[in-house]
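Overview (structure and organization)
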Number of protein chains: 2
Amino acid sequence: MQNLVNVFKALSEETRLRILKLLEHGELCVCDIVAALDMAQPKVSFHLNVLKEAGFLKDRKQGRWTHYSLDDSDFFRRFLLMSVLERIPKDALTEDRKRLMAFVRGKHSWDDAVRSSKGKRCAGRCK
Amino acid sequence: MQNLVNVFKALSEETRLRILKLLEHGELCVCDIVAALDMAQPKVSFHLNVLKEAGFLKDRKQGRWTHYSLDDSDFFRRFLLMSVLERIPKDALTEDRKRLMAFVRGKHSWDDAVRSSKGKRCAGRCK
DNA sequence: AATTTATATAAACATAGATTGATGTGGAAG
DNA sequence: CTTCCACATCAATCTATGTTTATATAAATT
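This write-up is about the structure you can find in this document. As the structure is a computational prediction, the values presented were derived from the model and not from experiment. (Residues numbered from 1 in each chain as written. Chains lettered and ligands numbered in written order. Predicted model: local features only at pLDDT ≥ 70, side-chain atom pairs only at ≥ 80, totals over all residues. Heavy atoms only, no water.)

**Considering the nonpolar core**
Stated precisely, the cut-off is as follows: Throughout this description, the term nonpolar core refers to a set of buried Ala, Val, Leu, Ile, Met, Phe, Trp, Tyr and Cys residues connected via side-chain atoms within 4.5 Å. Remark: exposure states derive from per-residue accessible area (1.4 Å probe, protein chains only) relative to the maximum for the residue type, with buried under 20%, exposed over 50%, and partly exposed in between. By definition, any uninterrupted DSSP run of H or I lasting at least four residues is a helix, any uninterrupted run of E lasting at least two residues is a strand, and each is numbered from the N terminus. Whether two residues are in contact is decided by their heavy atoms, any of which lying within 4.5 Å being enough.
The biggest cluster of nonpolar side chains holds 69 residues, and the ones touching the most others in it are A:Leu20, A:Phe56, B:Leu20 and B:Phe56. In terms of residue count, the dominant contributor to this core is helix H1 (residues 2-11) of chain B (six residues). Dropping the residues within four chain positions of it, A:Phe56 is found in contact with A:Val7, A:Ala10, A:Leu11, A:Leu20, A:Leu51, A:Ser69, A:Leu70, A:Asp71, A:Arg77, A:Leu80 and A:Leu81.

**Some words on the relation of the copies chain B and chain A**
Inclusion rule: When the copies are overlaid, the least-squares fit takes in C-alpha atoms only where the residue has pLDDT of at least 70 in both copies.
For these two chains of identical sequence, chain B goes onto chain A by a turn of 180 degrees and a shift of 0.0 Å along the axis, with RMSD 0.0 Å. The superposition of one copy onto the other is thereby described by a two-fold rotation axis. Scanning chain B for the C-alpha nearest the rotation axis identifies B:Phe8, at a separation of 2.6 Å. In this assembly the copies share their binding face: 95% of the residues contributing to the interface of chain B also contribute to that of chain A.

**Comments concerning the pattern of salt bridges**
Rules: We count a salt bridge whenever a side-chain nitrogen from Lys or Arg sits within 4 Å of a carboxyl oxygen from Asp or Glu.
If you walk through the whole model with that rule in mind, you get 14 salt bridges over all chains. For B:Glu24, the salt bridge goes to B:Lys21, with nearest N and O atoms at 3.2 Å. Overall, B:Glu24 belongs to the partly exposed group, its relative accessible area being 31%. Owing to a relative accessible area of 14%, B:Lys21 belongs among the buried residues under this scheme. Salt-bridge contacts for B:Arg60 lead to B:Glu27; the nearest nitrogen and oxygen are separated by 2.4 Å. Separated by 33 residues along the polypeptide, B:Arg60 in strand S2 (residues 57-62) and B:Glu27 in the loop between helix H2 (14-22) and strand S1 (28-29) bring together distant segments of the chain. The class of B:Arg60 is partly exposed, set by a relative accessible area of 36%. Here the salt bridges do not stand alone but share partners, grouping A:Arg18, A:Asp96 and A:Arg99 into one network.

**Describing the interface of chain B and chain A**
Just so we agree on the cut-off: Note on terms: buried area is the combined drop in 1.4 Å-probe accessible area of two parts once they are placed together, counting the loss on both.
Contact residues are listed per partner, giving 22 residues for chain B and 21 residues for chain A. Summing both sides of the interface, chain B and chain A together bury roughly 2,000 Å²; the carbon and sulfur share of this comes to 80%. Of all residues in chain B, B:Met1, B:Phe8 and B:Arg87 give up the largest surface area on contact with chain A, accounting jointly for 34% of the area buried on that side. Run the count over chain B and chain A and you get zero salt bridges.

**Concerning the sheet that holds strand S3 (residues 65-70) of chain B**
In plain terms, the rule: Pairing between strands requires that DSSP locate at least two bridges from one strand to the other.
One open sheet accounts for three strands, arranged S1-S3-S2 (chain B); its pairing is antiparallel. At either end of the open sheet lies a strand with only one pairing partner, and these are S1 and S2 of chain B.

Printed below as a string of structure tokens:
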């Protein structure tokens, strides 16, 4: 029963709903999410962990990066995710998406400029 | 968005899930729920109010009593209720039901004893 | 009107959850 | 093997939520 409670607890915080919505169209690394939400990194890591523990997210580690994505392995959670994502007002995430896109663009142009000379690094806010 | 958050917040507490489960088969007055949960009355009233504010319960006042029941007017909440009720392990509520039944039995036998002489009053733990 | 009963509300207190700032870890680059 | 970077974790603080005790309200009975 406590398990069920934790599922709902994970969904009862605005930051976490924003994270889920950001991940709607595919995986993102932590620094992407930090940039999109414009929040301190430990704060974001905290919420990512809550969502992961509750079974809503899975992570994939690759080198220095950790990529998070929606975990659709459980039917109940998947349904909850669906109804959450569709119920978040569209304009609530406009700024997040704007920041995310700007950040990702930054990463790519940086990559292009220094490709094969210095390798990859995180752009913009990651310093 | 905060509205959506509150829906999940209401479901992320064990006492409140127990209340919902108790109401699965029909309305109950506050004193019934207090007896079933074996908790202080203000505590129960607090949780009933959280569930009501979140749109999961409605109330019906009749004389000195307030009867609460599941509010099935909204589709989303109704679905949430369904999946919650079906996911609560059966044995988790055995004691609650036992206490509820004992209490309700108490009310009736008391009623029978004094019917039409003193009118109705709450039995057992309500003193 | 005074009293009793069912429930609600308020204030004080306790606990759990979230935020922040500092530090730790592990991989990759130099 | 040292440094840098992405991320995680920790300890301290702050805030929100739940609990308790006492009191208020309102209906019904006396």
